[in-house]
Amino acid sequence: RLLRAVENNRRHRILAHSPPRVSMHLIVFRRSFRRAVFSLWREGGWRTSFGSLLGICTLFQFLLLGLLAAAAMRSLLLSHSDLKLEMRPEASRGEVQQFLSTLLELPYVERAVYITREQALARIKTEDPSLAAFFEKFGVNNPFPDTIGITLTSLADYPTFSAFLSDSRWQALVDPSLLSSITHQEERVHELLRVANGGQNLASILLLLACAILLSTVIEFTRRSALGRSAEVLVERLMGADSSVLVLPFIWEATLLLWGSIVLSSLVLGLFLLMLPTLVPALSGDGALAPL
């Protein structure tokens, strides 16, 4: 009984002076982190794996950029559908203004702008002076008709708007041949949508493939690191080390290399995005693809 009491007393003293379980976990994490950093600093075999991870992460981020671009193009095509309606030469300005007011009252018309033939010619003189000089040289009168620029709220509103223009009230203002061009434009937009959907699906498949390659690369690096230090792992296991303690340093090594490659590849992607308006002027602030 006396020996049992002494043993219990010793155990209580050990438990009283031992740190709590949360502190023990923090200590294990810190030690495994320091050990991983020391192992990476001591051994140089990680450079090849880091290069592979950097290449895969860069490819992954560029594929993600392509996926976002395809989704943005699809959203842009669906949300903004622009049309230009040329007015008949015999249509009076009052009738055109009344037609414009009716268009603005339609729920599926987001925006409608009246562009007179004088405004169109003035814009040509600003944007293309050579064409304006050609008109003046050969005495060509203003060839541009009065136009109404319309933006529909959605691509699905094309048929409804075509039916609205087919009304007999607007036959004296709008040429009926424009209906066929509107239908052709709708078909073109649907074709672009199919291309955007196809690019989005392809980018998604390639992203999944890149994820699988990235995962296999991390697993292969961890396996090679464990094989390279198999003697240390065996000694620690014989000394009774827990499995989590043995695995944590390798997890830290893979995590450090992975996050390092993600940060570096993000910098590469950021530099590419900064240079993109220079490489593709249409993507600049005043370019044709600025909304994209």
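What counts as what
Residues numbered from 1 in each chain as written. Predicted model: local features only at pLDDT ≥ 70, side-chain atom pairs only at ≥ 80, totals over all residues. Heavy atoms only, no water. Buried < 20%, exposed > 50% of the residue type's maximum accessible area, 1.4 Å probe, protein only. Helix = DSSP H or I, 4+ residues; strand = E, 2+ residues; numbered from the N terminus. Pairing = 2+ DSSP bridges. Polar contact = N/O pair within 3.5 Å; in protein donor to acceptor, adjacent residues only side chain to side chain. Contact = heavy atoms within 4.5 Å. Axes fitted to C-alpha atoms, helices over the stretch in contact; angles between N-to-C directions. Parallel < 35°, antiparallel > 145°, perpendicular 65-115°, else oblique. Left-handed = near helix turned anticlockwise from the far one by under 90°. Nonpolar A, V, L, I, M, F, W, Y, C, P; charged D, E, K, R; others polar.

*Asks:* How should the pairing of strand β3 (residues 147-152) be read in this particular structure?
*Replies:* Regular strands place side chains that alternate from one sheet face to the opposite one. Within β3, 6 of the 6 residues are buried, which leaves the element mostly enclosed by the surrounding structure. Residues T147, G149 and T151 point to one face of β3 and I148, I150 and L152 to the other, with burial holding for every one of them. Looking at chain direction, strand β2 (residues 109-115) and β3 are connected through 6 bridges and run antiparallel. In the sheet register, V113 faces β3, and the bridge partner there is G149.

*Asks:* How should I be thinking about the side chain of S265 in this particular structure?
*Replies:* Mapped onto the elements, S265 comes out in helix α10 (residues 243-279). At 2.9 Å, the side chain of S265 forms a polar contact with the backbone oxygen of S261. Contacts of S265, omitting those with residues within four sequence positions, involve L54, C57, T58 and Q61.

*Asks:* I'm lost on the packing of helix α4 (residues 93-104) against helix α7 (residues 158-165) in this one. Help?
*Replies:* When two helices pack together, their arrangement is given by the angle between the helix axes and the distance between those axes. The geometry of α4 relative to α7 is characterised by a closest axis approach of 13 Å and an angle of 150° between their N-to-C directions. In terms of orientation, α4 and α7 fall into the roughly antiparallel class. The element α4 and its partner α7 pack so that their crossing is right-handed. Seen from α4, the contacting residues are F99, T102 and L103; seen from α7, they are F161, F164 and L165. When its residues are assigned to classes, the contact of α4 with α7 shows 5 nonpolar, 1 polar and no charged.

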